[in-house]
Amino acid sequence: MNAEQQRLENNGWRKWGPYLTDRQWGTVREDYSENGNAWDNTTHDMARSKAYRWGEEGIAGISDDRQLLCFALAFWNKKDPIIKERYFGLTGNEGNHGEDVKEYYYYLDSTPTHSYMKMLYKYPQQEFPYGWLVDENRRRSRTEPEFELIETGIFDEDKYFDVFVEYVKNKEEDILIKITVHNRAAEKAFLNLLPTAWFRNTWEPGYDSGIPQLSVSGKGHVLIEHKTLGNYNLYCEGNPGLLFTDNETNSKRLYQYDNGKNFYKDGINNYLVNDDENAVNAEKKGTKFTADYDLEIEGGDYKEIRLRFANNELSSPFGEFDKIFKSRLKEADDFYSDLQKSVSIDDARLVQRQALAGMLWGKQFYYFNIKQWLNGDPAHPSPPHSRKNGRNRDWRHLTNADIISMPDKWEYPWYAAWDLAFHCIPLALVDPAFAKHQLSLITQESYMHPNGQLPAYEWNFGDVNPPVHAWATYFVFQVEKKIYGKEDLHFLKTVFHKLLLNFTWWVNRKDPSGQNVFEGGFLGLDNIGVFDRSSALPTGGRLEQADGTAWMAFYCQNMLSIALELASADPVYEEMVAKFTEHFYWIASAMNGSESKKQKMWNEEENFFYDLLCLPDGRTFHMKIRSLVGLLPLCAATVFESNVYDRYPELLSRIHSFLEQHSELKLNMTARRNGGNGLLSVLDETKLRSVLAKMLDENEFLSEYGIRSISKYHEQNPYVLHIQGQEFRVDYWPGESQNSMFGGNSNWRGPIWFPINALIVRALFHSYEYYGEEFKVECPTGSGKFMNLYEVGQEISRRLISIFLRNEKQQRPFNGKFEKFQNDPHWRDHILFYEYFHGDDGSGVGASHQTGWSGFVAMLIYLTDVHWRSEKRKSGSSLPEDPEPGVKKKRTVKARNR
């Protein structure tokens, strides 16, 4: 066990971490407006002057796990109209494709305990073009690309600073901070580097008595006093100016109201930029502090600044600073060396490590008490009455105050139920305890609705996300068992029982006809269809969703797998195995058609699954859009090895008896193959071949970089529907969305999304274990090249991974058209993990730091190590316990059912 793995055994090492968000302004939590317009209620311009209620933001920031004390960096290039304390970006209303951060920053490294962390921020030396970015993006239409910061020319001639920020923990509460500022330009440049510490304002709402304090205790030494957190010391090397103010709202500036305060949150900005000497406290104390390093850096040179934060006084805080740094960096290298021992290509190792760094930097203290938010605070004005009938009013039980993995701490600084499930898969590679905690958290009573629904996200906790929680739970259980040798049945059992409530909610709320056909609304696939599936249909009637029903079939399979695992220790769970097996057959039969449901989702003419539009007059017809909606049934495939039949003969007898009574349920579905493995799948062999023929066609779904979300067929053949004089249509959009139907920058009409691709790869590996070597399909369709399903899964994985790797031109496809990103040595090896990727050229689109989804590439690299070897294995690459090439190893049903 290496040093970092040993630290993982002690939760004290997790107390401090990168728990600040990248954006608190513009969130629902900070919105106290009458109309619920969160973007306009607290803007970027207001943010420097307004003390937040529910959280704090910062650049390269850290905090304790209750976010009582915060530390982050600020900058001033002596030209900007404001100091840079937070990342700038466009609101959902300003961007021509929705919200969009307009800064360049990269999460380069982190261990799971944050004993070592590193990130990079690129700060321009010229005045930041705030107005230009807003005006130009507002001018552009949805059919035009976003206007990016690099296109303003502000990085021309390398006139910018590379600011590397590194944190090292000597002990649990002894943190060393090193900031290295490189002047990339040829000429001398000036910079105020402003390491800043402050307290989250917990006293103003009226629940907390006493105000904490920061004060000077000596040269470069700041004493930190907090009645709950305790006392700390911050040491600043050199002789910076020590500037103090208070984390209080400047009501004079924002609301033309004098609240009687003397020092405000924007005091340091006003002191430096506006030369207002009265804006900072001459007594050198307050609740917000900055060390002002006024730097002059020659062209091509750099300056290094060191600080240290500790819960005890240190006589020589910088004495062994470099030695400690070197030790922790080596331990970080050792930790990743152990993890990456099967990855032989350096570039793949770099991508995987940065993907995991993004996952670990993506943690955030998320604080939200809906009851308090609806009712207001004792010391604040009451919220508008409209709030009681507005957003999230039915979620008064929700009380969150935890460290949670975020989708993107700027664009999506709030958890989302199905995003979080996907995050936990790569997180389990490095910190299975944290991954398990996340999966358990979302099912706790302070999160899960009393009716069993999981919260979606803060814009509308009542929206419906795909039910992938059971799959993630079992996957994380298996990863920990195989990599770390721990079998946590208690975790599995705890989450399973909570998910029984959620499964029941789905059955009771999302199957209105009672025929095992599910709806669910947009189900995370925002712009996938011709209508907004979360709203009333313009046709009237309802939509029977192929994806909603497939998700439930998949849910059954994973609950079955968990129950089977638990049954090995407690036979009572055999009842649950039988229950979910039977339920799967009912759902799969409903998709494929049965006596009780004549109209099926499978279209015999086109050999593909489609949604069914059910009109008020009783007519039904297929919505013939070739999309992920029709591919998701493929994902509902789970294989079971033959020993299940020997281990549970009574259980199998019950299932066989059930199927004899309901023989129609067996039609068009697989069962057991030649006395060997069993497969639960919605698709029989004929349907599987038909769906794969379309999915693997490069003129349809198969891109050079993975599986598209909508077939390229619709580029020349849009799906068009005319209703009551209106035209509704679906086109193939490989990049940015041209429709704002559900979210400004959300687009499932063509781009490549990692989550669904990951589930497709999983299904192919499972299906291979059933069909074996003899089952081959043409890949790509029409190429004359035939592959078994394992090889097809590997090929899709290879294409996905190639988005980030340097190609034959030494360029990374995700970087797109920008030459500087592709070729400049100070840019080309810093990886951004975008929300989704262009369906034709692989360039990154949408949120630029949504590592939680595209960070799944870390797991793909880990699982598909066949790409990094000269030998080719024939099976099992989907399993973390795979042996080295040439070493055969029997796999159990428990390992496979993921």
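Residues numbered from 1 in each chain as written. Predicted model: local features only at pLDDT ≥ 70, side-chain atom pairs only at ≥ 80, totals over all residues. Heavy atoms only, no water.

Caption draft 1: Structural view of the overall build of the protein chain. Secondary structure summary: the protein chain contains 26 helices and 34 strands in total. The C-alpha atoms of the protein chain give a radius of gyration of 28 Å, which matches the 29 Å a tight globule of 898 residues would have. Referenced to the eigenvectors of the C-alpha coordinate spread, the extents of the protein chain come out at roughly 85 × 65 × 55 Å. Put simply, 71% of the contacts in the protein chain that link residues at least 6 apart link residues at least 24 apart. (Helix = DSSP H or I, 4+ residues; strand = E, 2+ residues; numbered from the N terminus. Rg over C-alpha atoms; globule rule 2.2 N^0.38 Å. Contact = heavy atoms within 4.5 Å.)

Caption draft 2: Molecular detail of helix 12 (residues 469-484). Taking 1.5 Å per residue, 16 residues should reach 22 Å; helix 12 reaches 22 Å between its end C-alpha atoms and fits that length. Taken across its 16 residues, helix 12 has 13 buried, putting it largely inside the fold. (Expected span 1.5 Å × (residues − 1). Buried < 20%, exposed > 50% of the residue type's maximum accessible area, 1.4 Å probe, protein only.)

Caption draft 3: Highlighting the sheet that holds strand 12 (residues 221-226). The 9 strands are arranged 6-7-8-9-17-13-12-11-15 in an open sheet whose pairing can be described as antiparallel. Either end of the sheet is taken by a strand with one partner, and the two such strands are strand 6 (104-110) and strand 15 (285-286). As judged from the 6 bridges shared by strand 12 and strand 13 (residues 230-236), these two strands associate in the antiparallel manner. Looking at the pairing, Ile224 lines up with Tyr232 of strand 13. Contacting strand 6, strand 7 (116-124) and strand 8 (160-171), helix 8 (residues 346-361) crosses the sheet at an angle of about 100° to strand 6. (Pairing = 2+ DSSP bridges. Axes fitted to C-alpha atoms, helices over the stretch in contact; angles between N-to-C directions.)

Caption draft 4: Molecular detail of the pattern of salt bridges. All told, the structure shown has 61 salt bridges when counted by the stated rule. Notably, a salt bridge pairs Glu136 with Arg139, separated by 2.6 Å at the nearest N-O pair. Pair noted here: Glu136 and Arg139 are both in helix 4 (residues 130-139), with a separation of 3 residues, about one helical turn. For Arg139, a relative accessible area of 53% corresponds to the exposed category. Through salt bridges that share partners, Glu605, Glu606, Lys624, Arg626 and Glu700 make up one connected network. (Salt bridge = Lys/Arg side-chain N within 4 Å of Asp/Glu carboxyl O.)

Caption draft 5: Structural detail: the packing of aromatic side chains. As enumerated under the stated definition, the model contains 76 aromatic pairs in all. With 6.4 Å between their ring centres and 70° between their planes, Phe496 and Phe580 make a pair best called edge-to-face. With a gap of 84 residues between them, Phe496 in helix 13 (residues 489-509) and Phe580 in helix 15 (residues 574-592) connect regions that are remote in the sequence. Classification of Phe496 by relative accessible area gives buried; the value is 1%. Residue Phe580 is classed as buried on the basis of its relative accessible area, which comes to 0%. Taken together, the ring pairs connect Trp418, Phe422, Trp471, Phe475, Trp551, Phe554, Trp748, Trp753, Tyr836, Trp853 and Phe856 into an aromatic cluster. Between Arg306 and the ring centre of Phe321, over which it is positioned, the NZ or CZ distance is 4.7 Å. The aromatic ring of Tyr713 is capped on one face by Arg626, whose charged end is 4.0 Å from the ring centroid. (Phe/Tyr/Trp six-rings, centres within 6.5 Å; stacked < 30°, edge-to-face > 60°. Lys NZ or Arg CZ within 6 Å of the ring centre and 35° of its normal.)

Caption draft 6: Main features of the pairing of strand 18 (residues 363-369). Of all 7 residues in strand 18, 7 are buried; the element is thus mostly enclosed. Neither face of strand 18 is left uncovered, since the one carrying Lys363, Phe365, Tyr367 and Asn369 and the one carrying Gln364, Tyr366 and Phe368 both have all their residues buried. Here strand 18 pairs with strand 19 (residues 399-405) via 7 bridges, running antiparallel. Note on strand 19: the bridge partner recorded for Lys363 is Ser405.

Caption draft 7: Broad picture of the pairing of strand 29 (residues 719-723). Side chains of strand 29 alternate between two faces, with Tyr719, Leu721 and Ile723 buried and Val720 and His722 left unburied. Two elements, strand 29 and strand 30 (residues 726-730), share 5 bridges in a ladder whose sense is antiparallel. Bridging from a neighbouring strand, Val720 pairs with Arg729 of strand 30. Counted along the chain from strand 29 to the antiparallel partner strand 30, the turn is 2 residues long, and its residue Gln724 has a positive phi close to 50°.

Caption draft 8: Inspection of the sheet that holds strand 23 (residues 611-614) at higher detail. The strand order across the open sheet built from 3 strands is 20-23-24, with neighbouring strands paired in antiparallel fashion. On the outer flanks of this sheet lie strand 20 (542-544) and strand 24 (620-623), each paired with one strand and no other. Ignoring strand direction, the axes of neighbouring strands in this sheet form an average angle of 30°. Note: strand 20 against strand 23, 3 bridges, orientation antiparallel. Residue pairing in the sheet places Leu543 in a bridge with Leu613 of strand 23.

Caption draft 9: Structural view of the nonpolar core. Membership of the largest hydrophobic core comes to 217 residues, with the highest contact counts inside it found for Trp471, Met695, Ile760, Ile796 and Phe804. Ranked by residue count, the leading element in this core is helix 14 (residues 546-567), at 15 residues. Core analysis: the second largest hydrophobic core is formed by 54 residues, Tyr105, Val181, Ala197 and Trp361 among them. (Core = buried A, V, L, I, M, F, W, Y, C linked by side-chain atoms within 4.5 Å.)

Caption draft 10: Representation of the environment of Ser711 within the structure. Mapped onto the fold, Ser711 is located in the loop between strand 28 (706-707) and helix 20 (713-716). Note on Ser711: relative accessible area 0%, which makes it buried. Sequence spacing of Ser711 and Glu700 is 11 residues, and the spatial spacing of their C-alpha atoms is 4.4 Å. Dropping the residues within four chain positions of it, Ser711 is found in contact with Arg626, Asn699, Glu700, Phe701 and Tyr732. Looking at Ser711, its side chain comes within polar contact range of the main-chain nitrogen of Tyr713, at 3.0 Å. (Polar contact = N/O pair within 3.5 Å; in protein donor to acceptor, adjacent residues only side chain to side chain.)

Caption draft 11: Region of the structure containing the layout of surface pockets. If you add up the space inside the second largest pocket, you get close to 730 Å³. In this structure, the second largest pocket is lined by 26 residues; those nearest its centre are Lys50, Glu204, Tyr255, His380 and Pro381. For the lining of the second largest pocket, the class distribution of residues is 12 nonpolar, 8 polar and 6 charged. (1 Å grid on protein atoms, 1.4 Å probe; cavity = no way out; pocket = protein on both sides within 12 Å on 5 of 7 lines; lining within 4 Å. Points joined across faces, edges and corners; volume = space filled by probe spheres on them. Nonpolar A, V, L, I, M, F, W, Y, C, P; charged D, E, K, R; others polar.)

Caption draft 12: Inspection of the confidence of the model for the protein chain at higher detail. Of all residues in the protein chain, 94% attain a pLDDT of 70 or more, and the chain-wide mean is 91. For the stretch residues 866-898, pLDDT sits under 50, and the model shows 99 contacts to residues farther than four places along the chain or on other chains. (pLDDT = per-residue confidence, 0-100.)

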